[in-house]
Amino acid sequence: MNIIFMGPPGAGKGTQAERIVSEFHIPHISTGDAFRAAMKEGTPLGVEAKKFVDQGLLVPDEITVGIVRERLHQADCAQGFMLDGFPRTISQAESLDAILESMGTKIDAVIDLQVDRSFLLARLTGRRICKSCGSTYHVVFNPPAKENVCDKCGGELYQRSDDTEEKVGTRLDEYINKTAPLLDYYDRQGILRKVNGEQEINTVTAEINSILRGLK
Ligand code: AP5
Ligand code: MG
């Protein structure tokens with residue numbers, strides 16, 4: 001089962017992917033997480049990505065596609081994968097199709113988490129992430145049991161550097177201009193599945209689970 005999660009910044013892609021992974025046992029591939037890990041380690045990829053991520057801009061396609069191509073060829077993707085935050089441009093989507101074709105596989109469903117812009121700023125500025133395991137929380141909508149401490153591993157929580165009001169504005173513009181056109185691209189292929197991402201987190205998970213069980 002090969003799935004893509006789409007939706008604007010703060011739609012809940014990472015939150016839902018974390019939950020879905022535990023039922024379907026396929027790897028969760030987030031290009032945003034890959035860039036942040038490389039930035040933390042200070043690798044050449046991280047240094048390059050930082051120039052864009054810190055401004056809320058998309059990282060150039062050739063860099064992003066290279067990472068995904070390498071990741072999809074790893075053994076744990078043979079039974080399926082869940083892409084979160086990739087593709088984000090038509091060019092990335094075409095590259096993905098070509099990579100999958102060369103591997104003899106294809107995308108089964110694109111889950112579009114639909115959330116109005118008015119919800120997103122509060123979601124993003126209140127988001128907290130575990131430094132150790134990457135679990136996502138929200139100070140109001142999904143708080144940890146103990147402030148600033150991860151429920152799962154006890155790690156310290158931090159705020160992403162691009163989760164400021166100014167950067168969120170740029171990220172949303174990037175989404176509208178470059179990523180939203182992909183919805184039509186996948187709709188034409190008949191694989192787009194829309195989910196109301198404004199509902200409570202567990203309700204969204206249940207809807208996605210029911211779509212994915214239908215694909216198995
Ligand atoms: P990335 O990390 O992918 O960021 P994004 O797309 O902006 O999405 P987010 O991670 O901010 O949101 P999400 O939908 O995962 O929401 P979450 O579940 O955390 O990318 C970061 C950067 O990397 C990009 O700006 C770009 O520079 C670069 N990049 C990445 N991929 C790229 C690509 N393909 N090409 C080029 N550049 C790329 O939820 C948000 C908050 O809301 C959390 O606090 C959560 O607890 C809460 N929440 C979630 N669901 C609900 C709900 N139903 N109700 C209430 N609260 C909720
Ligand atoms: Mg995310």
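Provided above is the structure to which this section pertains.
Here is a short report on the structure shown in this document. (Residues numbered from 1 in each chain as written. Chains lettered and ligands numbered in written order. Predicted model: local features only at pLDDT ≥ 70, side-chain atom pairs only at ≥ 80, totals over all residues. Heavy atoms only, no water.)

## A look at the packing of helix 4 (residues 61-72) against helix 5 (residues 90-102)
Reasoning step 1: For the pair helix 4 and helix 5, the least separation of the axes is 10 Å and the interaxial angle reads 25 degrees. One finds that helix 4 runs roughly parallel with respect to helix 5. In this structure, helix 4 crosses over helix 5, and the sense of that crossing is right-handed. Residues D61, T64, V65, R69 and L72 of helix 4 lie in contact with helix 5, whose contacting residues are S91, Q92, S95, L96, I99 and L100.
Reasoning step 2: Taken together, the residues of the contact of helix 4 with helix 5 break down into 5 nonpolar, 4 polar and 2 charged. (Axes fitted to C-alpha atoms, helices over the stretch in contact; angles between N-to-C directions. Helix = DSSP H or I, 4+ residues; strand = E, 2+ residues; numbered from the N terminus. Parallel < 35°, antiparallel > 145°, perpendicular 65-115°, else oblique. Left-handed = near helix turned anticlockwise from the far one by under 90°. Contact = heavy atoms within 4.5 Å. Nonpolar A, V, L, I, M, F, W, Y, C, P; charged D, E, K, R; others polar.)

## Quick notes on helix 5
Reasoning step 1: The end-to-end C-alpha distance of helix 5 is 19 Å, a good match for the 18 Å that 13 residues give at a rise of 1.5 Å each.
Reasoning step 2: Residues of helix 5 that are buried include every one of Q92, A93, L96, I99 and L100, and no others. Projected down its long axis, helix 5 shows its buried positions confined to an angular sector of 120 degrees, all on one face. Those residues of helix 5 that are exposed and aimed more than 90 degrees away from the buried face are E101 and S102.
Reasoning step 3: Tucked inside the fold, the buried residues of helix 5 contact strand 1 (2-6), helix 4, strand 3 (81-84) and helix 8 (181-188).
Reasoning step 4: A positive phi of about 75 degrees marks G104, the residue just after helix 5. (Expected span 1.5 Å × (residues − 1). Buried < 20%, exposed > 50% of the residue type's maximum accessible area, 1.4 Å probe, protein only. Arc of directions from axis to C-beta.)

## Comments concerning the site of ligand 1
Reasoning step 1: Around ligand 1, the surrounding shell holds 35 residues, and the nearest of these are T15, L57, R88, R127 and R171.
Reasoning step 2: Here G12 contributes a backbone N or O atom positioned 3.0 Å from an oxygen atom of ligand 1.
Reasoning step 3: Within the side chain of T31, an N or O atom sits 2.7 Å from a nitrogen atom of ligand 1.
Reasoning step 4: Protein contact buries 96% of the 1000 Å² of open area that ligand 1 shows by itself.
Reasoning step 5: Mapped by element, the contributors of at least two residues to the shell around ligand 1 are helix 1 (13-24), helix 2 (31-41), helix 6 (117-125) and strand 6 (136-138).
Reasoning step 6: Sort the elements by how many residues they give to the shell around ligand 1 and helix 2 lands first, with 4 residues.
Reasoning step 7: Classifying every residue of the shell around ligand 1 gives 13 nonpolar, 14 polar and 8 charged. (Near = heavy atom within 4 Å. Polar contact = N/O pair within 3.5 Å; in protein donor to acceptor, adjacent residues only side chain to side chain. Areas by Shrake-Rupley, 256 points an atom, 1.4 Å probe, with all protein chains shown as cover.)

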